[in-house]
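Commentary on secondary and tertiary structure
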Amino acid sequence: MGNIALFRLFLFHGLLRISAAVTIYYAPGQNPFSTTSADASSYTGAAAYNPTTIDPPALPDPLPSLSLDFNLQSNPTGLSITQSGAFMGFSVEMSVANQVCESILQVPFLNLLATISQRAGAVRVRVGGNSQDTASEVATLDDGKVLEKDLSGVTNPTETPPLVFTPDLLYMMRNISDFVNVRWFVGIPFNDSSNFRLEIAQSAQEILGDYLMGVQAGNEPDLYAAHGHRSSNYSQYDYVGELGSLIDDMSQYSNLSIAQNLLLIPSVSGTWTPEEVWDTGVMDTYSSNIAWMSVEHYPTDNCYAQFGTGTPRNATELWPTYLMHSSAQSLVQPYLNSTTYAQTKGKPFIMFETNTASCGGFPGISDVFGAALWGLDYGLLMAASNFSGGMFHVGGESVYYNVAPPTNQSSFREWTVGPVFYSSLVIAEALGPSNQSQVLEVGAENQSTYTPNYVIYENGQPVRMVLINFLSDSSGSSNYTANIAIGGGQTGQSNTTPSQVTVKYLTALSVSQKGDYSWAGQTFGGNFDSDGRLGGTESIQTIPCDQSAQVCSVSVPAPGAALVFLTNELTETEGAPSTTFATTTVTNTGNTATVDASVLATSNGRNGNSPLGSSSKGSANGGVIFRESIAGLLFRVGSIGALGLFLRAAYVL
């Protein structure tokens, strides 16, 4: 370890012994994020915390039927392929990996990952996106940086900057997997097909080892021509030719012997259909190299508002379309041929990047409870339609659709958990860790687009149901009742309806609510409110069934969702041990050293006319900096050796 690193390590240990009241001054014009409510029309802060809301859509008139009958049976036709509980993962834009991946080593993100892994057994994370195509790996960067952007060279409608990164990015990813079972996808830069930069694949194979799940070959190649990265006549045949060149290049290196057989293609976004790529014969020509078949798609975009390109969108008009099952159906339908084709080729088919809208999403849609229900419905319909996974995209604080954006401006319980993280959480618990779950979309005779429902089977038997209610009516008048029977009736099977079921509810007062959603009585809170652990007392409902009628009646709130356990087995703790990461170091509660504030305010050439915050006891922002520094780097790991695993990644204190 060099002198600078040793100094930083000593400084780190020194911080643990400091007990001081500190007021932080910032340069004029630099304002911290506010955690208080603000009028949406005057809000100028980060998109991730925008207070804009849109009123819930009016209830349909007439209301749909609020009593639905389900007669489930064993081994029905139409079951999906077997699914992993880690079905819904997260796609992290590479250009903001220094926000997210450096913070992944913080307590909140480790806890969020552990929350999924505890239920599913694993978590899937992709680091890539548009920015991967212009990325280059270098040995080191100034000041120990992991990633650096060239903001003068931004491209694409999303203003994607070229990147340079160091292997420490991969070391951080591996160190995360040593704490939580995270499986990774990376991507090979594709902007120069005459000279593929293979270093990221080489480093990933060496550093991530078995935690490497896939290597993307080209991100949205069907948009390369439109974005000026290829000639105007660039076609799917040209892409497949470049893929062949990539495979030839990779075959020359022994340290790519695994990665060259983990390729993920074609990741088209809709300009080309996936069938147009399959028709080139690529799946036969390069079958041994292709591990995943992939697409990327969003329901719509907000590019005009964000970047001045494309078509203007009216969020108020779009809002009701997210609160119908028809939204998920329209997103999945174009890929049904491909999911069937993938099965004939023995390959998994994945929605590699999605969210509520590209170019950052919409305030009042992407960041409210309705998006949690939308993501839940969309994810389960993909599972029922033989996708093998999906990835909710994460774009940092500058977008509205984040899963959980961190900020360096907030206190220890600093993270803001977005609605689609709740979607992933419920899906993980619904599918469970067995890797034998099969999903079936079920409809009742009088079911509407506002009330989609799914059954999860294991070994041919119904074990769980997910019931969704998109209607928004806090009075309770629009709650619907699902009447569930197993066997009997017209099924030709004996009735096996249980004597009782247990239910966990996902609820909010309105589809337009921001934060503080409840999952079985627990929540991640609102803005800047979460350490990554569910807070509050868990509330699991036990509902007795009518033994004479042999039916279980479950009420589904408006709005909300119910996860119904048809057996006595809950999946909440079946995937991995219940593990959370907590700080082990705190500062003392008093101090003796003092410095005159007027001297301190001007000691570095600034007039100190507006302090950033204070760690003084009793102040409104007490302990901001110390809590962030220490809580972001320390958590219970059980041994000094384990602590050392991430010190390399958390190199710069």
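Residues numbered from 1 in each chain as written. Predicted model: local features only at pLDDT ≥ 70, side-chain atom pairs only at ≥ 80, totals over all residues. Heavy atoms only, no water.

- An unreviewed UniProt entry lists the protein chain under the name Glycoside hydrolase family 79 protein, with Lentinula lateritia as the source organism.

Focus: helix 3 (residues 107-120)
- Over its 14 residues, helix 3 runs 20 Å from end to end, which matches the ideal 20 Å to within 8%, given 1.5 Å per residue.
- Most of helix 3 is tucked away: 14 of the 14 residues are buried.
- Phi turns positive one or two residues past the end of helix 3, at Gly-121, with a value near 95 degrees. (Helix = DSSP H or I, 4+ residues; strand = E, 2+ residues; numbered from the N terminus. Expected span 1.5 Å × (residues − 1). Buried < 20%, exposed > 50% of the residue type's maximum accessible area, 1.4 Å probe, protein only.)

Describing the nonpolar core
- Judged by nonpolar contacts, the single largest core of 140 residues is most densely connected at Leu-169, Leu-170, Trp-184, Leu-243, Leu-246, Met-250 and Val-282.
- With eleven residues, the single largest contributor to this core is helix 13 (residues 369-384).
- If you look at the next biggest cluster of nonpolar residues, it comprises 25 residues, including Phe-70, Ala-444, Ile-486 and Val-554. (Core = buried A, V, L, I, M, F, W, Y, C linked by side-chain atoms within 4.5 Å.)

Section: the side chain of Asp-377
- Mapped onto the elements of the fold, Asp-377 is located in helix 13.
- One buried charged side chain, Asp-377, makes no salt bridge at all; its nearest oppositely charged neighbour is Arg-464, positioned 16 Å away.
- For Asp-377, the contacting residues outside a window of four places in its chain are Met-324, His-325, Ala-328, Pro-452, Tyr-454, Ile-468 and Phe-470. (Lys, Arg positive; Asp, Glu negative; His and termini not counted. Salt bridge = Lys/Arg side-chain N within 4 Å of Asp/Glu carboxyl O. Contact = heavy atoms within 4.5 Å.)

Some words on the packing of helix 13 against helix 14 (residues 419-431)
- Where helix 13 contacts helix 14, the two axes come as close as 7 Å, and the packing angle between them is 40 degrees. In terms of orientation, helix 13 and helix 14 fall into the oblique class. The handedness of the crossing between helix 13 and helix 14 comes out as right-handed. Taken together, the residues of helix 14 that come into contact with helix 13 (itself represented by Ala-371, Ala-372, Gly-375, Leu-376, Gly-379 and Leu-380) are Pro-419, Val-420, Tyr-422, Ser-423, Val-426 and Ile-427. (Axes fitted to C-alpha atoms, helices over the stretch in contact; angles between N-to-C directions. Parallel < 35°, antiparallel > 145°, perpendicular 65-115°, else oblique. Left-handed = near helix turned anticlockwise from the far one by under 90°.)

Remarks on the environment of Pro-189
- Its location among the elements puts Pro-189 in the loop between strand 8 (182-188) and helix 5 (199-208).
- For the pair Pro-189 and Ser-131, spaced 58 residues apart in sequence, the C-alpha separation works out to 8.6 Å.
- Not counting residues within four places of it along the chain, the set of residues in contact with Pro-189 comprises Gln-132, Asp-133, Ala-135, Phe-196, Arg-197 and Ile-200.

A short note on the side chain of His-393
- Relative to the elements of secondary structure, His-393 occurs in strand 13 (residues 389-394).
- A distance of 2.7 Å separates the side chain of His-393 from the side chain of Ser-91, its partner in a polar contact. (Polar contact = N/O pair within 3.5 Å; in protein donor to acceptor, adjacent residues only side chain to side chain.)

Points about the state of the cysteines
- Here the structure, examined in full by the defined rule, presents two disulfides.
- One disulfide in the model links Cys-545 with Cys-552; its S-S distance is 2.0 Å. When the S-S torsion is 100 degrees, as for the bridge of Cys-545 with Cys-552, the disulfide is right-handed.
- A residue is classified by how much of its surface remains accessible, and Cys-552, at 1% relative accessible area, is buried. (Disulfide = S-S within 2.5 Å.)

Concerning the sheet that holds strand 11 (residues 290-296)
- The eight strands lie next to each other as 3-4-8-9-10-11-12-13, forming a closed barrel whose pairing is parallel. Neighbour-to-neighbour, the strand axes of the sheet open up by a mean angle of 30 degrees, direction not taken into account.
- Where strand 12 (residues 349-354) lies against strand 13, three bridges are found, and the strand directions are parallel. Note that in strand 13 the partner of Thr-354 across the bridge is Phe-392. (Pairing = 2+ DSSP bridges.)

Structural notes on the packing of helix 4 (residues 168-179) against helix 5
- Where helix 4 meets helix 5, the closest approach of the two axes is 9 Å, and the angle between their N-to-C directions is 30 degrees. Accordingly, the angle class assigned to the pair helix 4 and helix 5 is roughly parallel. Taken as a pair, helix 4 and helix 5 cross one another with a handedness that is right-handed. Contacts between helix 4 and helix 5 involve Leu-170, Tyr-171, Met-173 and Arg-174 from the former and Ile-200, Ser-203, Ala-204, Ile-207 and Leu-208 from the latter.
- Here the residues of the contact of helix 4 with helix 5 sort into seven nonpolar, one polar and one charged. (Nonpolar A, V, L, I, M, F, W, Y, C, P; charged D, E, K, R; others polar.)

Let's talk about the packing of aromatic side chains
- Taken as a whole and judged by the stated rule, the model has 20 aromatic pairs.
- Look at Phe-90 and Phe-421: their rings are 5.8 Å apart centre to centre, the planes differ by 15 degrees, and that puts the pair in the stacked class. Placement of the pair is Phe-90 in strand 3 (residues 88-93) and Phe-421 in helix 14, with a sequence separation of 331 residues. Summarising the burial analysis for this pair, Phe-90 and Phe-421 share the class buried.
- An aromatic cluster is defined as three or more aromatic residues linked by ring pairs; in this entry it consists of Phe-90, Phe-369, Phe-421, Tyr-422, Tyr-517 and Phe-524. (Phe/Tyr/Trp six-rings, centres within 6.5 Å; stacked < 30°, edge-to-face > 60°.)

Description of the pattern of salt bridges
- Counted by the stated rule, this structure contains 13 salt bridges.
- A salt bridge links Glu-242 to Arg-230; the shortest N-O distance between them is 3.1 Å. Here Glu-242, found in helix 6 (residues 236-250), pairs with Arg-230, found in the loop between strand 9 (212-217) and helix 6; they are twelve residues apart in sequence, far enough to count as distant.
- Residue Arg-464 pairs with Glu-458 through a salt bridge whose shortest N-O separation is 2.9 Å. Glu-458 matches Arg-464 in its accessibility class, with the two residues each being buried.

Some remarks on the sheet that holds strand 7 (residues 163-165)
- Read across the open sheet, the three strands follow the order 5-7-6; overall the sheet is mixed. At either end of the open sheet lies a strand with only one pairing partner, and these are strand 5 (135-137) and strand 6 (147-149). In this sheet, neighbouring strand axes are inclined to one another by 20 degrees on average, regardless of whether the strands run parallel or antiparallel.
- Bridging between strand 6 and strand 7 involves three bridges; their strand directions are antiparallel. Counted as the bridge partner of Leu-147 is Phe-165 from strand 7.

Comments concerning the environment of Ala-371
- Within the secondary structure, Ala-371 is located in helix 13.
- Separated by 52 residues in sequence, Ala-371 and Trp-319 place their C-alpha atoms 9.8 Å apart.

Notes on helix 4
- End to end, helix 4 covers 17 Å across twelve residues, agreeing with the expected 16 Å (1.5 Å per residue, within 8%).
- Of all twelve residues making up helix 4, nine are buried, and the element is well covered by its neighbours.
- Restricting attention to buried positions, one finds in helix 4 the residues Asp-168, Leu-169, Leu-170, Met-172, Met-173, Asn-175, Ile-176, Ser-177 and Phe-179.

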